[in-house]
Amino acid sequence: MTVEAVLDAVVKALKGLVDEYAVIVVDGYESMIKFYQRGVSVVQSWRHREIGVYAAIGRKMGMVWVDAEDPEKAVTEAVEAVKHSGDSPLYAPLPEPSGEPLSSVDVKLKEAASSGEVSFIVEDLELEETRGKAAGMVKVEYNKVHLITSAGADLDYEYTSFNGYARFFEGRDASGQWSWTSTRYDLAAAKRAIGQARELAAECAKLPREKLEPGEYRVLLSPMIAGNLVEEVVMAANAGAVLFGFSFFHDKKPGDLVASENLTIIDKPRDMELPEARGFDDEGVATRDKTIIERGMLKSFLHNTKTAKLMNAESTGNAGWLLPRPFNVEVAPGDLSPEEMLEALRDGVYITNNWYTRFQNHLEGTFSTVSRDAVFIVKGGKPVACTHRVRIADSMPRILKNIEALGRQQWPIQWWEVRHPTRIPFILLSSARLTTAE
Amino acid sequence: MRWDPDFLSMLVEKMASAGASYAEARLHSIRGLDVVVMNGMVVSVGRESVEGVALRAVVGGGLGFASSPLSAGREGAEEAAGRAIASARAASLSPDTISMAPARLGRARVEASERIPIDSVSVEDKISRLLEAYKSLEAPEGLKLQNVVIHYSEAVERKIIVTSDGALIETYTPRVAVFYNITAKGGGRTANRWFQLGGTGGLELLDEFKFEETMKDDVESLAVNLLKASPPPRGVMDVVLSPELSGIIAHEAAGHPSEADRVLGREAAQAGMSFRSWMKEGEIGSEYATVIDDPTIPGSYGFYLYDDEGVPARARKLYDKGRLAELLHNRETAAVYGVESNAAARARDYKSEPIVRMANTYIAPGDYSFEELLEDVKEGVYIKKYMEWNIDDVRWGQRYVGLEAYIIKNGRLAEPVRDVAIELTTKTLFSSIDAAAKDLKFYAGTCGKGEPAQGIPVWMGGPHIRLRRVKVG
């Protein structure tokens, strides 16, 4: 069954059954190479053919995702559940479509993802050379996304992505990790990221070990950890997080000062180099680049038409049928080179990567996150020792206000702990509370 | 299920004829219903059917995985067999020299017990129960409930697994879960409590969860935190932890580091490694440090009797009276270690490769009562519920922060304190336990691992435990 035939069948099944509908079919392929010190652990290849349906009967709303053999039947059965729902406080009519098809396809990636033939990537990245030294992942993806809505949208777009990361080890306690992401087969970006990871591990291995005493420090964040923390900020600016009680911006409004004036964060669905680029959102509304925080001021929450109606705002073209979502994230650069960032840090701690960010209180923003990989103790602008596994245990509002400077080079980051493609520089904090386990 | 094991056998045969030394086919279907209720109103109803075929093949020591949804039909599944072989060949360019350890493989059908079938109750009745739970919540004086979101989730999972060396497993596993987030304001501050309940079975679980009561209790906890609690104490003192805390500790500080794939480094760039990569054996704690992972507990959220490679499940002792014991293995890691798989291979859905996972992990109970644990604590702290937790990527340094906690003075609970933090190493933590209560209790969680990340249902459990002289604050 072709995608067009699936769409026709599903739309036909929905007509007369519901008052409003939107149907998305994602059709494509994805391949991933996972490697570690013992070699390539697995190459995975996925066929995507997912059918999503939004249905409204009066003010009752339902969502369905199926990849069943008989999608028409599955959708019909599922829509039955919507009839038994209640009037939703989030309901708003589907908007008139305003989006446009905007594709970003690298033919080489499309072919590799579709065939599962990714041997050339193993060779291009010389993964055999990393045996015994590194672990990581490389992914290629091609998808075509179709959207039809009862409000008149009939849109599609295609995209490819090339994303990965590497973690290098030098002995037991020196390691470095870096990632890259792109819509094209950007081998240079991949090699640059792999080189960064290798260099961090080597740099850490050369330096003496020193235990860090808990306390407040000046802290330099690499784009990897900065990307993770900024993703939390972007999530807090999601109107869905505000409504569901997970946002430390819950009592803020556009115009409020929430960060240092050095910080500007933009949601950029029109950045065609990053894999979440698109010309329309899941409601058919045109996407647009928008500033979330501008020079420290909260500029806009992320909205679909539903959260916008509830919060008396306009859709920002970030649907999500139920809740909004970010696409590509960008943090505006500063003016310091990597060397100048270290000089600006003077005496402090340079954290290169992290994971496991968890909130004690989502509304007040108290949280902690654990470093992994190299952590450099810096004196007089020079790394003098390497340590590891320190924790930032602080509050997000305080961290945001303590942003002192940013690097001028932005890095395209996406990995396990930074889910959205993020173009981001180094970030310098004037103070953050660090702890270690005993 | 439209497809029978013969179709899967044909796919296995197809991969074997193309040169696979091992081949495996899994038909994996998850059909679920989700209802989200916010402040007493239904936000949305969702249905999901994640259904497809997952294939694995080993060629030239390289492992390939491919999947295809049922919506791509039989042709899609056959095409996936070709992609599994192509993937394995690409892997063999830098091979991990993978083999599957011989195992006593099952040929069985397992249906988890379901007293009140999920489909026997209407969606309206399920919604009514959530709305009633919201209506029954009352905020104590001085506390305002800002937002209450309740998420009901049910899923029926069906699998058929066929391997080239003889496994044939069919399973039927219904699960029910309730998640909620309560936001409250009081005393000039705001706080939230997020919680999850889950189990394997039918709608009888909703009665067993008593989620209406846990929600009320959590409102009380928020009131204690916001209206009554003082800043936390600091210093070295005795700490008593509730089963909620001992459960997360069992999972994070004993279960994860005992996953053999993590020990070997297969997850090094994602979920991290393990201190057991270099600490192969020896002491990890006191005689009370016994941690078990058992998939066979009836009704548990992590229940299974055969894993996703067809190996019969059993309980695994990870720490045994303070000493490092078994690792969790699938057939791939078992081959590296020259041991038998202990059936830890689990895959979230048809899009996921089976990897080493926990099921239901718990600290073994002791013989004290809770009161006896408190009795000879002169000065300490009792942590009853937590919100923040995390652990480093080798599972050594960890931190837990209390949502509801109390000072212990002369053997009795005294005034409440908020945001009490303990941050300690796995060895310090387990070595500090000098007593465990009888009151083993389990909590549901969604465990994350793998690339792409595979969230799978688990239970985490333990009794009240007492830690002597650890750093607080």
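Provided above is the structure to which this section pertains.
Residues numbered from 1 in each chain as written. Chains lettered and ligands numbered in written order. Predicted model: local features only at pLDDT ≥ 70, side-chain atom pairs only at ≥ 80, totals over all residues. Heavy atoms only, no water.

(A) Local environment of the overall build of chain B. Counting its secondary structure elements, chain B contains 10 helices and 22 strands. A globule of 473 residues ought to have a C-alpha radius of gyration of about 23 Å, and chain B, at 24 Å, matches this closely. C-alpha atoms of chain B, sized along the principal axes, occupy 70 × 55 × 35 Å. Expressed as a percentage of its 473 residues, the buried residues of chain B come to 67%. (Helix = DSSP H or I, 4+ residues; strand = E, 2+ residues; numbered from the N terminus. Rg over C-alpha atoms; globule rule 2.2 N^0.38 Å. Buried < 20%, exposed > 50% of the residue type's maximum accessible area, 1.4 Å probe, protein only.)

(B) Structural detail: the interface of chain B and chain A. Taken together, the contact between chain B and chain A spans 93 residues of the former and 87 residues of the latter. Taken together, the two surfaces of chain B and chain A that pack against each other cover about 7600 Å², and 51% of this comes from carbon and sulfur. Summed over the shared surface of chain B and chain A, the number is 8 salt bridges. Close ionic contact of Glu267(B) with Lys34(A) constitutes a salt bridge, the shortest N to O distance being 2.9 Å. Taken together, the links from chain B to chain A amount to 63 residue pairs in polar contact (both at pLDDT 80 or more). The leading source of residues in the side of chain B that touches chain A is strand β2 (residues 41–59) of chain B, at 11 residues. Taken together, the residues of the side of chain B that touches chain A break down into 42 nonpolar, 26 polar and 25 charged. (Contact = heavy atoms within 4.5 Å. Buried area = accessible area lost by both parts, 1.4 Å probe. Salt bridge = Lys/Arg side-chain N within 4 Å of Asp/Glu carboxyl O. Polar contact = N/O pair within 3.5 Å; in protein donor to acceptor, adjacent residues only side chain to side chain. Nonpolar A, V, L, I, M, F, W, Y, C, P; charged D, E, K, R; others polar.)

(C) Summary view of the packing of helix α1 (residues 3–14) of chain A against helix α2 (residues 71–83) of chain A. Residues and elements named next belong to chain A. In contact at an axis separation of 9 Å, α1 and α2 are set at 30 degrees when each is read in the N-to-C sense. It follows that α1 is roughly parallel to α2 by the angle criterion. You can see that α1 and α2 cross each other, and the crossing is right-handed. Each of Val6, Ala9, Val10, Ala13 and Leu14 in α1 lies in contact with α2, whose residues at this interface are Pro71, Glu72, Val75, Thr76 and Val79. For the contact of α1 with α2, the class distribution of residues is 8 nonpolar, 1 polar and 1 charged. (Axes fitted to C-alpha atoms, helices over the stretch in contact; angles between N-to-C directions. Parallel < 35°, antiparallel > 145°, perpendicular 65-115°, else oblique. Left-handed = near helix turned anticlockwise from the far one by under 90°.)

(D) A look at a negative patch on the surface. A surface patch of negative charge is lined by Glu4(A), Asp8(A), Asp154(A) and Asp156(A). Within the secondary structure layout, Glu4(A) lies in helix α1. (Patch = residues over 30% accessible without salt bridge, like charges linked within 9 Å, V, L, I, M, F, W, Y side chains within 5 Å. Areas by Shrake-Rupley, 256 points an atom, 1.4 Å probe, with all protein chains shown as cover. Lys, Arg positive; Asp, Glu negative; His and termini not counted. Charge placed at Lys NZ, Arg CZ, Asp CG, Glu CD.)

(E) Inspection of the packing of aromatic side chains at higher detail. Considering all chains together, one arrives at 28 aromatic pairs over all chains under this definition. When the ring of Tyr356(A) is compared with that of Trp389(B), the centres are 6.0 Å apart and the planes differ by 75 degrees; the resulting orientation is edge-to-face. Taken together, the residues Tyr356(A) in strand β13 (residues 354–361) and Trp389(B) in strand β15 (residues 379–391) connect one chain to another. Trp389(B) sits in the buried class, given a relative accessible area of 19%. Following the ring pairs from residue to residue traces out a cluster consisting of Trp178(A), Tyr350(A), Phe376(A), Trp411(A) and Phe426(A). A cation sits over an aromatic face here: Arg358(A) above Trp389(B), 4.9 Å from the ring centre. Over the ring of Trp355(A) we find Arg372(A), and its NZ or CZ is 5.4 Å from the ring centre. (Phe/Tyr/Trp six-rings, centres within 6.5 Å; stacked < 30°, edge-to-face > 60°. Lys NZ or Arg CZ within 6 Å of the ring centre and 35° of its normal.)

(F) Representation of the side chain of Arg262(B) within the structure. Relative to the helices and strands, Arg262(B) resides in helix α7 (residues 260–264). Not counting residues within four places of it along the chain, the set of residues in contact with Arg262(B) comprises His256(B), Pro257(B), Ala271(B), Gly272(B), Met273(B), Ser274(B), Ser277(B), Asp393(B) and Arg395(B).

(G) Inspection of a nonpolar patch on the surface at higher detail. All names here are of chain B. Together, Val336, Tyr337 and Val339 line one region of the surface with nonpolar side chains, adding up to about 210 Å² of accessible area. Tracing the chain through its elements places valine 339 in the loop between α8 (331–337) and β12 (345–346). Judged by relative accessible area, which is 37%, valine 339 ranks as partly exposed.

(H) Region of interest: unusual backbone geometry. Between Ala319(A) and Gly320(A) the backbone carries a cis peptide bond, its omega angle lying at 10 degrees. Relative to the elements of secondary structure, Gly320(A) occurs in the loop between α8 (305–310) and β11 (329–331). A cis amide bond, omega 0 degrees, links Glu451(B) with the succeeding residue Pro452(B). Relative to the elements of secondary structure, Pro452(B) occurs in the loop between β20 (441–447) and β21 (456–462). A positive phi angle, near 55 degrees, is found at Arg346(A), a position not held by glycine.

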